[in-house]
Amino acid sequence: MNKTLTLNLRKLNCYRPDESDADEVFIMMNGKKIWPPKRSYVPMKGGAEELNVRIKDIEVNSVANIELWDYDLFSANDLLGSFRLVADKPGGPYNTDLTVNKNEKIQAKYNLEWEILS
């Protein structure tokens, strides 16, 4: 049986939203929405949001694609940032800035606090 790990997403920090009033954010991992669990999005215009999202049974050395999206009701959702992590061993907590494709006109700046648990 393969050893598995748990990814714990601790906190999302918003340093600069993309929209002037607030971003309506949600998080996807490997193409599946993982946060917020019971709403379409959480509005953020700065500050931090406690996540407390635990993803269990992640295979050792697997890659997780984490994406932060802005929910749009009447147009396509906007990718605010992403990063790829390799779940290789327990460790953390870590802080990672979510990066945006340089071709996009996104002005948002977000940071994700996370850790890998055994």
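Shown above is the structure to which this text applies.
Here goes a summary of the coordinates provided. (Residues numbered from 1 in each chain as written. Predicted model: local features only at pLDDT ≥ 70, side-chain atom pairs only at ≥ 80, totals over all residues. Heavy atoms only, no water.)

A short note on the overall build of the protein
Helix and strand counts for the protein stand at 0 helices and 9 strands. For a compact globule of 118 residues, the expected C-alpha radius of gyration is about 13 Å, and the protein comes in at 14 Å, within 12% of that figure. Here the C-alpha coordinates of the protein stretch approximately 50 × 25 × 25 Å along the principal axes. For the protein, the share of sequence-separated contacts (at least 6 apart) that also reach a separation of at least 24 residues comes to 65%. By element, 46% of the accessible surface of the protein is carried by carbon and sulfur atoms, the whole surface being about 7200 Å². Taken as two groups, the 16 positive and 18 negative side-chain charges of the protein have centres that lie 6 Å from each other. (Helix = DSSP H or I, 4+ residues; strand = E, 2+ residues; numbered from the N terminus. Rg over C-alpha atoms; globule rule 2.2 N^0.38 Å. Contact = heavy atoms within 4.5 Å. Areas by Shrake-Rupley, 256 points an atom, 1.4 Å probe, with all protein chains shown as cover. Lys, Arg positive; Asp, Glu negative; His and termini not counted. Charge placed at Lys NZ, Arg CZ, Asp CG, Glu CD.)

A word on the sheet that holds strand 9 (residues 109-117)
Strand order in the open sheet formed by 4 strands is 5-1-9-8, and the pairing between neighbours is antiparallel. Of all strands in the sheet, those with a lone pairing partner are strand 5 (47-59) and strand 8 (91-97), marking the two edges. Each adjacent strand pair in this sheet contributes to an overall mean axis angle of 20°, direction not counted. (Pairing = 2+ DSSP bridges. Axes fitted to C-alpha atoms, helices over the stretch in contact; angles between N-to-C directions.)

Topic: unusual backbone geometry
Here the bond from W35 into P36 is cis, since omega is -5°, no more than 30 degrees from zero. Position of P36 among the secondary structure elements: in the loop between strand 3 (32-35) and strand 4 (42-44). Omega for the peptide link from G92 to P93 comes to 10°, which places this bond in the cis form. Looking at the secondary structure, you find P93 in strand 8. Phi is positive for D57, which is not a glycine, with a value near 60°.

Let's talk about the side chain of T96
Summarising the element assignment, T96 is placed in strand 8. A polar contact is formed between the side chain of T96 and the side chain of W114, at a distance of 2.8 Å. (Polar contact = N/O pair within 3.5 Å; in protein donor to acceptor, adjacent residues only side chain to side chain.)

Structural notes on the environment of W114
With respect to the helices and strands, the residue W114 is situated in strand 9. Relative accessible area serves as the criterion here: at 8%, W114 is assigned to the buried category. Leave out the neighbours within four places in its chain, and W114 touches L7, N8, L9, R10, F83, L85, P93, Y94 and T96. (Buried < 20%, exposed > 50% of the residue type's maximum accessible area, 1.4 Å probe, protein only.)

What to know about the pairing of strand 9
Across the 9 residues that make up strand 9, a large majority, 7, are buried. In this sheet, strand 9 lies alongside strand 1 (residues 4-16) in antiparallel orientation, the contact comprising 9 bridges. Opposite T6, over in strand 9, you have L117 as the bridge partner. Here strand 8 runs beside strand 9; their pairing, made up of 5 bridges, is antiparallel.

Some thoughts on the nonpolar core
Counting 30 residues, the largest nonpolar core has L7, L9, L12, W35, I66, L85 and Y110 as the members making the most contacts within it. Among the secondary structure elements, those contributing two or more residues to this core are strand 1, strand 2 (23-29), strand 3, strand 4, strand 5, strand 6 (62-70), strand 7 (78-87) and strand 9. Looking at this core element by element, the count peaks at 5 residues for strand 1. (Core = buried A, V, L, I, M, F, W, Y, C linked by side-chain atoms within 4.5 Å.)

Shape is all these values report; function is a separate question.
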